[in-house]
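What follows is the residue order along each chain.
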Amino acid sequence: MIAEVAVDCPMKKLNKVFHYLIPPHLKQFISPGSRVIVPFGRQRVLGYVLDIKEHSDITQLKYIHDILDGQPLLDENMIKLGKWMAHRYITSLACCFNAMLPSALKTNAVEKYTVGDNCYDEKLKTFLSTPKALGELIKAFGLSSQDISLYIKRGVLVKQKHYEHKSSQKYIDILQLTKGVTKEDISKRAYRQHQLFEVLKNQKEVVFQKLPVELKRAANSLVEKGVVLKKQKQVFREPNNINIQEKCVISLTSYQKQVFETVSESLSNLKRDSFLLWGVTGSGKTEIYLRLAEKAISQNNDVIVLVPEIALTPLMVNRFKNKFNDNVAVLHSGLSQGEKLDQWQKIKEGKVKIVVGARSAVFAPFKNVGLIIIDEEHENTYKQEENPKYHTIEIAQKRLELSQGVLLLGSATPSIESLYRTEHGEYKLLNLPKRATANEMPLIDVVDMKSELENGNRSIFSKKLFKSIKKSLDNNEQVVLFLNRRGFSTTTLCRKCGFTFKCPSCDLTLTSHDNGNFLICHYCHYQLSKPNSCPSCKSIHLSFNGIGTEKLQKEVQKVFPKSKILRMDVDTMSSKDSYNKVYQQFADKQGDILIGTQMIAKGFDFPDVTTVGIIIADMGLNIPDFRSAEKTFQLVTQVAGRAGRGDKAGVVILQTYSPEHYSIEHSSKYQYKQFYLKEIKIREALNYPPFVKIIKFDIVANQEERVKKEAIEVAEMLKELQKKHQIQKSEILGPVMSARYKLRNNYRWQVMLKTNNMKQWLDILNKYNFPHKFSKGIRVSIDVEPTTTT
DNA sequence: AGCACGCCGACT
DNA sequence: GTCGGCGTGCTC
């Protein structure tokens, strides 16, 4: 008996499997889907058994060393899915299987040592009868690291990885300055340590785990010197308990009924079908989801419900929990690894029939998936940005193909691609053109900020927005202000010589925070305390340009001094609970005005909000990405949906510098269809998706010159492959410097491949083992159908 | 990832 | 003639 194993090792040629003999004592436990430990070269690594065979052509097979779980973790369909994924996203098999399992199962690999075949030392043998960590071994036998590597070489010792379940308690380390220490306690040359010192002086405490790598090292040496104190703090899991008044839904509208019946029919006939439900905000999509889930369960099928970000959609989770009680598992980012594992096991053991969760819940270990619902299907959180760079919709499609089920995508603003697919019969389009409740969508009033400026209004607020806010406040109603940029100001500029403060390792301008007291790099978190003068010309005239949520808050407070303002962005979300807290505060009317970034665009349902202000609507339009118009439209629609949810009518004031842009024009009138028709023409003319498929190659390394050289090489290789295999309908663009050229001291170039021949390219790139063709220190990562091209 | 293998310059 | 740098390639 031979086991075919996908080995987990970030190694070249890993789209292939390795054969191992199965030791007699493990025979009855090992089957496809088992996780095993196998000898691989001189190491022992994790592997996934994919198949059991009678024979192998390979001679000199090794034995499987051990098995990790009592039962196989993956069923036949999941193995098929993993194989398909590895090919589709050009990654290793093990990487795909890792993505399917809860992280608690994979992250706790501990290196331990045990005796090898050439160990004749009885003392060592007894000591290592249970595997020991390196530290224990060194302590007990007084060995040096050279001794150990020598012993490993000679086969006296064997290094292996141990996979242990972590305790479900989570800890973080808090750093504080020791009382009474000063700058002089740190050696003059230790630049990083001084940097950390400044941060701690200003912020009092900092979470160690959140520091950038460079500062972590500095932190450790300062802890050793006693300048900094390190304390362990337990992080408590946060139960998801927002009190939301349930809207009582008595019966479905005729539109809802029709949608329900259409999907329901496919469920009854066990047909493999895909639907796109295009329903305006508030049209009652959730109610349809609930009823369809009920239907699927009654037929003994399992249901997966996916939401973009579970923390931001407490409503959906609540409604499923209320309706199905114990039959629902929830997988959200607020759970500890251990808790996630518990939920996962509940699903695996068939104790629940429904899971509500974010992206990775698409891999929920159900046996019989009959329905997958993807809400807000246009959200880009459905694309995983790390390897395997999968898109949740694609995975869902593939799963349902394997288990014969129905896919239901829902959105008020479907992605251009999805809508395009409905025209070509890949998805069936379902419409909910009317809100389920009586109130209409709020009116969107577009204000041209250029003419405001011409009329002498230089403030952040247009006259209209100011009036509307005032009116709402006077009526004791609430206001939501949306600005998609956090921090105080985006650039700090010397007015004399034009110097701008930039991050030394990222080539990005530093955003000032805390009233300009800090400059922070939003990418690597490099910090600088408030500069007094320009480092280039010593001028003291510095100006803070560009507006972020912090500055907005300050301005609003100035103009409406009596109002109570709440702010919601990454910076105010220090703990998992902050979101719920602010949400609850605003719901309880402990705040008059809520200021926020993207975070407030989704799922907020406050009946007393009558003014919504979009401070700068066209911020996203300047991003050089083919999806920027689409994204802007979606964001405007979403934010607008926050107004007028109760009995009172709401107003949306949209401020913009480009009122004539088609994205702004159509979104302000809720004309998605018209926008779509225009956008799809542009996509066709410029040869962008959905008319072409993109594969993006990122070339990253820390040596500027080498990256450029390799990037040219990547483009050359692609052109050669294209020529050699005569691939038609393809275009290789680049290499070009990435939009964010330098990040964390790494330089990046990119090459784009546009093609209508995806299948052939995937076959060739996989066969050719493309991502691993490059020399050490150069990382070439491939993104198949990326969501952005920047 | 590790580690061996092999090819080239520096040195006993 | 040997030691050790690291570029290349393999691990069932």
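Because the structure is predicted, anything quoted here is derived from the model rather than measured.

Among the six residues in strand β1 (residues 2-7), six count as buried, and that is most of the element. Covered by surrounding structure in β1 are Ile2, Glu4 and Ala6 together with Ala3, Val5 and Val7, the residues of both alternating faces. Note that β1 and strand β4 (residues 43-53) share six bridges and pair antiparallel. Of the residues in β4, the one forming a bridge with Ala6 is Tyr48. Inspection of the sheet shows β1 paired to strand β2 (residues 18-21) by four bridges, in the antiparallel sense. Paired with Val5 across the two strands is Phe18, which belongs to β2.

With that settled, the discussion passes to the pattern of salt bridges. Within this structure, the stated rule accounts for 27 salt bridges. Where Asp273 meets Lys271, a salt bridge forms, and the shortest distance between an N and an O atom there is 3.7 Å. Judged by its relative accessible area of 40%, Lys271 is partly exposed. Residues Asp569 and Arg567 are paired through a salt bridge, measuring 2.9 Å at the closest nitrogen-oxygen approach. Asp569 gets classed as buried once you look at its relative accessible area, which sits at 0%. Overall, Arg567 belongs to the buried group, its relative accessible area being 14%. Here the salt bridges share partners, and the residues they tie into one network are Arg88, Glu394 and Glu785.

Inspection of every chain in the model, using the stated rule, returns 23 aromatic pairs. Ring centres of Phe320 and Phe324 lie 5.9 Å apart, and the angle between their planes is 25°; this geometry places the pair in the stacked category. Of this pair, Phe320 and Phe324 are both found in helix α10 (residues 314-324), four residues apart, which corresponds to roughly one turn of the helix. Members of the aromatic cluster, each reached through a chain of ring pairs, are Trp278, Phe633, Tyr662, Tyr672 and Phe675. The ring centre of Tyr688 lies 4.0 Å from the NZ or CZ of Lys754, which sits over that ring.

Parameters at a glance
Residues numbered from 1 in each chain as written. Chains lettered and ligands numbered in written order. Predicted model: local features only at pLDDT ≥ 70, side-chain atom pairs only at ≥ 80, totals over all residues. Heavy atoms only, no water. Buried < 20%, exposed > 50% of the residue type's maximum accessible area, 1.4 Å probe, protein only. Helix = DSSP H or I, 4+ residues; strand = E, 2+ residues; numbered from the N terminus. Pairing = 2+ DSSP bridges. Salt bridge = Lys/Arg side-chain N within 4 Å of Asp/Glu carboxyl O. Phe/Tyr/Trp six-rings, centres within 6.5 Å; stacked < 30°, edge-to-face > 60°. Lys NZ or Arg CZ within 6 Å of the ring centre and 35° of its normal.

By themselves, these are just geometric observations and shouldn't be taken as functional.
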